[in-house]
Amino acid sequence: GAVVSQHPSWVICKSGTSVKIECRSLDFQATTMFWYRQFPKQSLMLMATSNEGSKATYEQGVEKDKFLINHASLTLSTLTVTSAHPEDSSFYICSARDPWTGGAGNEQFFGPGTRLTVL
Amino acid sequence: QKEVEQDPGPLSVPEGAIVSLNCTYSNSAFQYFMWYRQYSRKGPELLMYTYSSGNKEDGRFTAQVDKSSKYISLFIRDSQPSDSATYLCAMSQAGTALIFGKGTTLSVSS
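None of these values were measured; they are calculated from a predicted model.

Colleague: So, the interface of chain A and chain B: which residues are in play, and what are the values?
Modeller: The interface is formed by 22 residues belonging to chain A together with 21 residues belonging to chain B. Taken over both partners, the interface formed by chain A and chain B buries close to 1,500 Å², and the fraction arising from carbon and sulfur atoms is 56%. Put simply, chain A and chain B have zero salt bridges between them. The interface formed by chain A and chain B includes four residue pairs in polar contact (both at pLDDT 80 or more). Looking at the side of chain A that touches chain B, the elements with two or more residues in it are strand 4 (32–38), strand 5 (45–51), strand 9 (90–97), helix 1 (102–105) and strand 10 (108–110) of chain A. Classifying every residue of the side of chain A that touches chain B gives ten nonpolar, nine polar and three charged.

Colleague: Which residues make up the sheet that holds strand 8 (residues 76–81) of chain A, and what are the values?
Modeller: Residues and elements named next belong to chain A. Reading across the sheet, the four strands line up as 1-3-8-7 and stay open at both edges, with antiparallel pairing between neighbours. Edge positions in the open sheet fall to strand 1 (4–7) and strand 7 (67–73), since each of these has one partner strand only. Neighbour-to-neighbour, the strand axes of the sheet open up by a mean angle of 15°, direction not taken into account. In terms of strand pairing, strand 3 (residues 19–25) meets strand 8 through six bridges, oriented antiparallel. Looking at strand 8, one finds that Glu22 is bridged to Thr78.

Colleague: Got a sec to walk through the packing of aromatic side chains? Specific residues and values, please.
Modeller: In this structure the tally under the stated criterion is eleven aromatic pairs over all chains. Ring centres of B:Tyr25 and B:Phe33 lie 5.3 Å apart, and the angle between their planes is 45°; on these two criteria the pair is classed as tilted. An aromatic cluster is built from A:Tyr36, A:Phe110, B:Tyr36 and B:Phe100, whose rings are joined through pairwise contacts.

Colleague: Got a sec to walk through the side chain of B:Thr62? Specific residues and values, please.
Modeller: All names here are of chain B. With respect to the helices and strands, Thr62 occurs in strand 7 (residues 61–66). For Thr62, a relative accessible area of 10% puts it in the buried group. There is a polar contact of 2.9 Å between the side chain of Thr62 and the side chain of Arg77. Residue contacts for Thr62: discarding those within four places in its chain leaves Met48, Lys56, Glu57, Ser73, Leu74, Phe75 and Arg77.

Colleague: Quick rundown of the state of the cysteines? Include the residues and the values.
Modeller: Tallying each qualifying case throughout the model produces two disulfides over all chains. Covalent S-S linkage joins A:Cys23 and A:Cys94, the inter-sulfur distance amounting to 2.0 Å. On the S-S bond that ties A:Cys23 to A:Cys94, the torsion sits near 80°, and the link is right-handed. Residue A:Cys23 is found in strand 3, and its partner A:Cys94 is found in strand 9; the two are separated by 71 residues along the sequence. Residue class for A:Cys23 comes out buried when judged on its relative accessible area of 0%. There is a disulfide in this structure between B:Cys23 and B:Cys89, and the S-S distance comes to 2.0 Å. On the sign convention where negative is left-handed, the bridge of B:Cys23 and B:Cys89, at about -100° about the S-S bond, is left-handed. Taken as a pair, B:Cys23 in strand 3 (residues 19–25) and B:Cys89 in strand 9 (residues 85–92) lie far apart in primary sequence, 66 residues in all. Grouping residues by exposure puts B:Cys23 and B:Cys89 together as buried.

The rules we used
Residues numbered from 1 in each chain as written. Chains lettered and ligands numbered in written order. Predicted model: local features only at pLDDT ≥ 70, side-chain atom pairs only at ≥ 80, totals over all residues. Heavy atoms only, no water. Contact = heavy atoms within 4.5 Å. Buried area = accessible area lost by both parts, 1.4 Å probe. Salt bridge = Lys/Arg side-chain N within 4 Å of Asp/Glu carboxyl O. Polar contact = N/O pair within 3.5 Å; in protein donor to acceptor, adjacent residues only side chain to side chain. Helix = DSSP H or I, 4+ residues; strand = E, 2+ residues; numbered from the N terminus. Nonpolar A, V, L, I, M, F, W, Y, C, P; charged D, E, K, R; others polar. Pairing = 2+ DSSP bridges. Axes fitted to C-alpha atoms, helices over the stretch in contact; angles between N-to-C directions. Phe/Tyr/Trp six-rings, centres within 6.5 Å; stacked < 30°, edge-to-face > 60°. Buried < 20%, exposed > 50% of the residue type's maximum accessible area, 1.4 Å probe, protein only. Disulfide = S-S within 2.5 Å.

Here it is, written out as structure tokens:
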């Protein structure tokens, strides 16, 4: 199956600093990538949909100025958590849609996730 | 009513048991149905992918979709301790983001 990587896998930062998380599709080109957040024992909550070369679409309640998303190429999307605070501590997971697989390209492949801890 | 409902469990079974996991949904426009497995502190791994209604089998896993009842299932035969994980159902319309269930935590004891 398609491979999606994330970097870093784990980051600890001080309150008020910014953290950048990278999501890469390694063996396919992803026109669309998604960013999710998952709190302990909770399901994945979609934060935003990122389309290559255009602005991200944010879900209701997600601050676009706090969670900056850039999808500059077909294999890379980045999420920057600006001025992070302890309540932003969570597991951030990206996924990428492979448009060339079956089912009208609706399969999504997930990265391994990034655990963010804000002190 | 949430769009996708899934019993969070936990579900505990002995090794070799048949496991049945289920989700119900309210949006009749959903066409794509997926099951993901997620181990602790890892990203979800796609297990099964089904378009519209019907059954799909892959090894010990069988996915069923009943669109008339808005009900999907995942069956695991001959369950193994390595199957212990959280199983997430997910579904979408064409070209839209996935909507996930809460996930069911499964524990298979040897």
